[in-house]
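Descriptive structure summary
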Amino acid sequence: MTQHPSVRFALSTNWSNRRLNDGAEIADEAEALGFDSLELGFCTQPEQIAGFRSRLDRMPVTSVHAYCPVPIGAPSGHPELYQLCSPDANERALARMLLEKTFACAADLGARVVVFHAGYADLSTLFGGLFTTAGKLRIRRGRRLVDAFKAEFDRLCPSLERLGLTLALENLPRREGFPCLFEARELMEHFKGAPLRLWFDTGHALVRETHGWAGESAHMAAELAPWICGMHINDVKGPCDDHREPSWGNVDFHRLAFLAKRDILRVFEPHSHVSYDDLKNALAYMRRLWG
C-alpha cells in the first residue's frame, strides 16, 4: 500500500457496498484510489465481511458505522433502524442489541471507533410554529433524550471497555438531531473518561448552519474539538445533505484545516453516485490542502 507520511484518509464502504459484492474487491478499489484505510458503512452485508478481513494487512478498518453489518431481515442498511433514545423500551432494546453486534464486528476487524446516530427529538406536534417556538420545544424534548442516552450508555459501556472501542456520536443534519452542541458538551462532561466521543460530519454541520439550526460550522468544530475522535468529509451546496466529494460544494475545508493537525480519523463518505475520477481528484485536493 502506498504510504502517505502526512494526513491519512479512509473511505466509507457505503460508496461501493451496493455496487460491488466482494469485500476484498471494495478494499482493492479503495487502495487503488489512494486511500489508507476503510470505514465499514451501514450498507455492509454480512457476506462481505470475509473479504474485508482478507485485506486487513493492506487496507485496515479503522471505524465501523452502526448498524453494521446490515441486520438480517432488514430491507436495507440504515443508521437509524432503531433509536437508542426512543421512548419505547422495545425499540431501545433492539438498538442496544444491534449496537452490540456492531461492536463485535468492529472488534473482529480491528477497528477502534463505532460511529453512531444517537437519535432525534420528536417535534411532530409542532405545526408550522415560529422559529423561536420550535427552538424551545427542541430544547425541552432534547432533555428527555439526554436522560435516556445516559441510562442506555451505562448499559453499553462495559462492552465498549472490554473490546477496546469508542462510541462516537455523529452530528446530524436536521434540527431534531441529537445531540446538538450543548447536549454534546453535557454528555462529554458527564461521561468524562468513558469510551464516548463525538464524530463531526462536515456536510451535516453546514446543512444545520444554512438552515439557522446551529452556529457557524468551523466555530462549532473548534468548540467541540477536544472530544472529536473522527470526522466524515462530505461536501454540500445548499440546504440538502448531498454527501458529495470535497471541492464540489460550499464546505470551507480551509477553515477546518486545524482538524488535520489532530489525532483523529478522517473518512470520506461520498454518495454512491460520485464518480471514481471525481473521488480520486477530491482525495488529491484534500492531501494538498491538509497535507
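Everything discussed here concerns the structure shown above.
Bear in mind that the values here come from a model prediction, so they are computed numbers and not experimental data. (Residues numbered from 1 in each chain as written. Predicted model: local features only at pLDDT ≥ 70, side-chain atom pairs only at ≥ 80, totals over all residues. Heavy atoms only, no water.)

**So, the packing of aromatic side chains**
By the definition in use, this model includes eight aromatic pairs. Each ring, one from Phe-153 and one from Phe-191, has its centre 4.8 Å from the other, and the planes form 65°; the classification is edge-to-face. Taken as a pair, Phe-153 in helix H4 (residues 131–163) and Phe-191 in the loop between helix H5 (181–190) and strand S8 (196–201) lie far apart in primary sequence, 38 residues in all. Relative accessible area serves as the criterion here: at 8%, Phe-191 is assigned to the buried category. Three or more aromatic residues joined by ring pairs make a cluster, and in this case those are Phe-9, Phe-35, Phe-253, Phe-268 and Trp-290. One cation-aromatic arrangement involves Arg-174 over Tyr-120; the distance from NZ or CZ to the ring centre is 4.0 Å. For the cation-ring pair, Lys-237 lies above Trp-248, with the distance from its terminal atom to the ring centre recorded as 4.6 Å. (Phe/Tyr/Trp six-rings, centres within 6.5 Å; stacked < 30°, edge-to-face > 60°. Helix = DSSP H or I, 4+ residues; strand = E, 2+ residues; numbered from the N terminus. Buried < 20%, exposed > 50% of the residue type's maximum accessible area, 1.4 Å probe, protein only. Lys NZ or Arg CZ within 6 Å of the ring centre and 35° of its normal.)

**Considerations on the sheet that holds strand S3 (residues 61–65)**
Pairing in this closed barrel of eight strands is parallel, and the strands run S1-S2-S3-S4-S6-S8-S9-S10 around the ring. Taking each pair of neighbouring strands and ignoring which way they run, the sheet shows an average axis angle of 30°. In the sheet, strand S1 (residues 10–12) pairs with strand S10 (residues 265–268) via two bridges, with the strands oriented parallel. Its bridge partner being in S10, Leu-11 is matched across the sheet by Phe-268. Strands in contact with H5 are strand S6 (166–170) and S8; relative to S8, the strand with the most contacts, it is inclined by about 155°. Against the sheet, helix H8 (residues 276–290) makes contact with S1, strand S9 (228–233) and S10, and its axis sits at roughly 150° relative to S10, the strand it touches most. (Pairing = 2+ DSSP bridges. Axes fitted to C-alpha atoms, helices over the stretch in contact; angles between N-to-C directions. Contact = heavy atoms within 4.5 Å.)

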